[in-house]
Amino acid sequence: MVAIRSAGDRAGDGAPMRSRVPGGGWVPWFGVGLFVAAASAGYFYNLTFVQLGLVDLGTRVIGLPEERIARSMALLAGLTLLVAMGTGLVMHHRRWSEVFELKLRLLAVVVVLQTALTAVAPQLRSEAGLLVWIVVASIGLGLGVPSLFGLTCDLVPTRHRGAVAAVVTSAAFLPAAVFSSDWRIEQFAAQLLWLMVPGAVGLVVLAFAPWTVTARLAEQHHLPRYGTGRFVRHRARSRGWPGRAFTLALVLMFGVYFIDSLGFLRIVDTPVYIGSAWHSSDPATLWAIGATHVLAAVLAGILYPALGQRVLLGWIFGLFALVQLNYVLHALTTPELPAPLGMPLLYAVAVSIYTVLNFALWADFSTPATIARNAALGVGVSGWLATFLSTALSIGWAAAELPFAAHLRAVAAISLLLFSVTVLLFVLPDRRRAEEEEPA
Amino acid sequence: MTSAPTRRTCPLLLVLLLLGLLVTGCSAPADTGRYSVTLITQQHHVVDERQILVGDTVVAGGTVVVAEDAEHRGSLTVLAGEVRISGRVAGDLTVLGGTAALTGTAEITGDVAAAGGALTREPGTMVRGSVTEEPGPATVLERSRRSRAPAERALWSLAGVAVMAGLAWLAARLAPRPLHRTAAAATAFPVISGALGTLVLIAALPLVASMIFTLFLIPVAGIVLLGLGAITVYGLLAAGRALGDRILHRLGRTWSTPRAAALGTAVLVAALQVIGLVPVVGAVVTAAVLVTAVGAVLLTRFGLRPYTPPDDGTDDGTDDGGAREAGV
């Protein structure tokens, strides 16, 4: 067994050991492959089994009303948020954030737990059983957030995080769009178990048996091209709060997830839109959506290191506002006609871009010492808190019988508001840059 | 001296103005099938005998009937759907699509213009203004696509090449540095420029379509299209300038910057026209050049500043302990 050591046992704080790790060979590629496989499989699991499969389980198999299902999903999001943040903070304070073996083992345990839960889910027949399942799954998902995202600094070189995030996004969305059009829990479980069982076995063997490769991967974050993210400005204060830019990114990414979730929750409930797009029986439509996800991910992967994050976030808000305005216009003017394919394709572009950002951004605000906390905060607040709040708001709007067009118009208005904020942030002068331009 | 805040005020105001117009576009009431003043998009609508409908109407679907002795006070525009007029229209009738039928009892006090769609008039129809029937935009486009004589095609191509070369000469003479910065971005960062250009064009199409759909944002859509055209042309001029430099470097000749830009742009435009004749490959190559040109213009903001990626130096192994570019 590989003994787990704390970061402080190695070289003391602030004294990275660069010379111990060779830079070349196949090990770095194995590390990138491991991250891509784990992250894309995890995101695919969330996109399909958690977001769509559980709704089918609740409504069709158990027979719960939609409102109760929505409450269960909100419970899942809220609990996952709490567990993720708690785990991230504990890992931060105990300095486990830098310990590769611990993060890998935690991830292996999570994958084993989720595999078991995936196998059990189709057998559930009562609401109590579903609630117990949700509580256990929330613990697994919450533990998974800091452990999986925490591996970024060990496995993915800083310069290539955009490209790797693009590969992860493509590998998650393409099969989700093309091969998962049958939204039944049994179908999802059968598909995923083929993927998860060998994955869980492989990950357990890799994490708990002594391997040279894991020992070498564990040292990679000391290399200059790994570890510290591109947005880290003060490494001397690396264990403190990552700064105003991180807070801003957190708020804006929360906004992205919130408007996506709030809009999609209503679109997914509207057969005229979902039947001609994500739930279509036409393979050409599904391939078009999948290919658009890949194209947008590639574009985002190229642009992520080339543009500032506010520019990218501005693009995302603008695209979301545009796509939701398109849905509103369609609902107001020609609701009896099938929706043009351009609408879901544009949605796919926006979703892929922010997913790429999500996989690269939090690690780029972090050092190995802070990545567990920052990733837990980033993914927890932007992803799971946004899902929790948007689901709760959606329940409220559904209870108030808000029409489809009014619902999406509100979402479009929020998107435009956030777009304005990002444009203002981008256009208004940067205080530091302005100071640099002033003559001495 | 121009400070940073002053330089940024104009684009900020422009963005806010455009945003305000866009927000205006989504503030319409949510009654199904009826948008803004009177936009008919579906179902059957009848202005009955002795009824008066006040205001302009645009028919984009469904059926509208103005019965005998009914009055429509305002202009009537038909984009799609069906209109049958037996009463009085106190205004113009414009038919751009769909069908419009004027029965023998119909009276139009203004002009009748049809450019596309089908206009039928029964004997006895009274039109006080002029009646104009022109071919529709689709017909005009179809006519323009008909194969011209080779000499005529060559002449048009040469005219295009000459105009672009002249523009390149002018741009390089009046503002050589912005053109140089844009050219440098296109040649040094073609992938990034291409990715940004692709994203812009992906977003521009639905944006313009949405604006046109709101009707009152059509002028803004026109401005957006003009802006896109200007960006594309300027990007091609910049790419032409870079090409001109390379050609002259290969030839071992030294020309002035405006002449080099004119030469490169002429060669680039001519090459694109020739490659465009090859199916599929021509379209792919032309698209690649255009998106790269558009992206380079946007990366450098029309050449007002040079483009440098924000993470330059990340992989150099240095550990400066702070002061990295925040990238936001």
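What counts, and where the lines are drawn
- Residues numbered from 1 in each chain as written.
- Chains lettered and ligands numbered in written order.
- Predicted model: local features only at pLDDT ≥ 70, side-chain atom pairs only at ≥ 80, totals over all residues.
- Helix = DSSP H or I, 4+ residues; strand = E, 2+ residues; numbered from the N terminus.
- Buried ≥ 20, exposed ≤ 12 C-beta atoms within 10 Å, placed from the backbone.
- Contact = placed C-beta atoms within 7 Å.
- Domains from an automatic or database assignment.
- Pairing = 2+ DSSP bridges.
- Core = buried A, V, L, I, M, F, W, Y, C linked by C-beta atoms within 7 Å.
- pLDDT = per-residue confidence, 0-100.
- Axes fitted to C-alpha atoms, helices over the stretch in contact; angles between N-to-C directions.
- Parallel < 35°, antiparallel > 145°, perpendicular 65-115°, else oblique.
- Left-handed = near helix turned anticlockwise from the far one by under 90°.
- Nonpolar A, V, L, I, M, F, W, Y, C, P; charged D, E, K, R; others polar.
- Expected span 1.5 Å × (residues − 1).

A. Quick look at the overall build of chain B. Looking only at helices and strands, one finds 8 helices and 14 strands in chain B. Here chain B holds 328 residues, and the buried ones make up 34% of them. At a minimum sequence separation of 6, the contacts of chain B that also span at least 24 residues come to 39%.

B. Local environment of the domain arrangement of chain B. Parsing chain B into structural domains produces domain 1 (39–140) and domain 2 (154–299). The centre of domain 1 of chain B, based on its C-alpha atoms, is set 43 Å off from the matching centre of domain 2 of chain B.

C. Up close: the pairing of strand 4 (residues 57–66) of chain B. Residue and element names in this part refer to chain B. In terms of burial, strand 4 is a largely internal element, 7 of the 10 residues being buried. Sheet topology places strand 2 (residues 44–47) next to strand 4; 4 bridges connect them, and they run parallel. Considered in strand 4, the bridge of H44 is made with T63. Here strand 4 pairs with strand 6 (residues 76–85) via 8 bridges, running parallel. The residue of strand 6 that forms the bridge with V64 is V83.

D. The environment of A375 of chain A, seen in detail. Residue and element names in this part refer to chain A. Structurally, the position occupied by A375 is in helix 15 (residues 371–399). On the neighbour-count criterion, A375 (28 C-beta atoms within 10 Å) is buried. The spacing of A375 and P65 is 310 residues in sequence and 35 Å in space, taken between C-alpha atoms.

E. The arrangement of the sheet that holds strand 13 (residues 126–127) of chain B in detail. Residues and elements named next belong to chain B. The 5 strands lie next to each other as 3-5-7-10-13, forming an open sheet whose pairing is parallel. Edge positions in the sheet fall to strand 3 (52–54) and strand 13, since each has one partner strand and no second. Here strand 10 (residues 107–108) pairs with strand 13 via 2 bridges, running parallel. Following the sheet pairing, I108 is matched in strand 13 by V127.

F. View of the nonpolar core. Counting residues in each nonpolar core, the largest one holds 197 residues, and the members touching the most others are L303, I316, A350 and I353 of chain A together with A238 of chain B. Broken down by element, the residue count for this core peaks at 17 residues, all from helix 14 (residues 342–364) of chain A. Counting 23 residues, the second-largest nonpolar core is a separate cluster that includes I40, A70, V89 and I108 of chain B.

G. Examining the confidence of the model for chain A more closely. Residue and element names in this part refer to chain A. In this model, chain A carries a mean pLDDT of 83, and residues with pLDDT of at least 70 account for 89%. Taken element by element, the predicted model of chain A shows its lowest mean pLDDT in helix 1 (residues 8–11) (40) and its highest in helix 4 (residues 100–120) (94). Note that pLDDT drops below 50 for residues 1–22; the model gives that stretch 34 contacts with residues more than four away or on any other chain. In this model residues 433–440 is a low-confidence stretch, pLDDT under 50, and it forms 4 contacts with partners more than four residues away in sequence or in other chains.

H. The packing of helix 13 (residues 309–333) of chain A against helix 14 of chain A, seen in detail. Residue and element names in this part refer to chain A. Between helix 13 and helix 14, the shortest axis-to-axis distance is 9 Å and the interhelical angle comes to 155°. In terms of their interaxial angle, helix 13 and helix 14 are classed as roughly antiparallel. Taken as a pair, helix 13 and helix 14 cross one another with a handedness that is left-handed. On helix 14, the residues that touch Q309, L312, W315, I316, L319, F320, L322, V323, N326, Y327 and H330 of helix 13 are M343, L346, Y347, V349, A350, I353, Y354, L357 and L361. A class-by-class count of the residues in the contact of helix 13 with helix 14 yields 17 nonpolar, 3 polar and no charged.

I. Molecular detail of helix 3 (residues 150–174) of chain B. All names here are of chain B. End to end, helix 3 covers 36 Å across 25 residues, agreeing with the expected 36 Å (1.5 Å per residue, within 8%). When helix 3 is considered as a whole, its buried residues turn out to be M164, A165, A168, W169, A171 and A172. Where the residues of helix 3 are buried, they touch helix 4 (176–188), helix 6 (218–251) and helix 7 (257–275).

J. Up close: unusual backbone geometry. Residues and elements named next belong to chain B. Within the chain, D69 stands out as a residue other than glycine whose phi angle is a positive 70°. With respect to the helices and strands, the residue D69 is situated in the loop between strand 4 and strand 5 (71–73). Here R301, not a glycine, exhibits a phi torsion of approximately 50°, which is positive. Residue placement: R301 occurs in the segment after helix 8 (281–299).

K. How the structure looks around the environment of M91 of chain A. Residue and element names in this part refer to chain A. Summarising the element assignment, M91 is placed in helix 3 (residues 66–93). Along the primary structure M91 and A277 are separated by 186 residues, whereas in three dimensions their C-alpha atoms are 42 Å apart. Not counting residues up to four positions away in its chain, the partners in contact with M91 are W96, S97, P146 and A372.

L. The arrangement of the environment of G282 of chain B in detail. Residues and elements named next belong to chain B. Along the chain, the position of G282 falls in helix 8. Using a count of 15 C-beta atoms within 10 Å as the deciding quantity, one classes G282 as partly exposed. Linking G282 and L226, residues 56 residues apart in sequence, is a C-alpha distance of 25 Å. Apart from residues lying up to four places away in sequence, G282 is in contact with I275, G276 and L277.

M. View of the confidence of the model for chain B. All names here are of chain B. Residue-level pLDDT values for chain B average 80, and 79% of them are 70 or greater. Helix 1 (residues 4–25) is the least confidently modelled element of chain B, averaging 57 in pLDDT, while helix 8 averages 94, the highest of any element. Per-residue pLDDT stays below 50 along residues 1–5; that stretch engages in 6 contacts with residues further than four places along the chain or on separate chains. For the stretch residues 25–36, pLDDT sits under 50, and the model shows 24 contacts to residues farther than four places along the chain or on other chains.

N. Representation of the packing of helix 5 (residues 190–213) of chain B against helix 8 of chain B within the structure. Residues and elements named next belong to chain B. Close contact between helix 5 and helix 8 brings their axes to 6 Å; oriented N to C, the two are set at 95°. The angle between the axes of helix 5 and helix 8 places the two elements in the roughly perpendicular class. Every residue of helix 8 that contacts helix 5 at P190, I192, S193, G194, A195, L196, G197, T198, V200 and L201 is listed here: A288, V291, T292, A293, V294, G295, A296, L298 and L299. Within the contact of helix 5 with helix 8, the residues separate by chemical class into 13 nonpolar, 6 polar and no charged.

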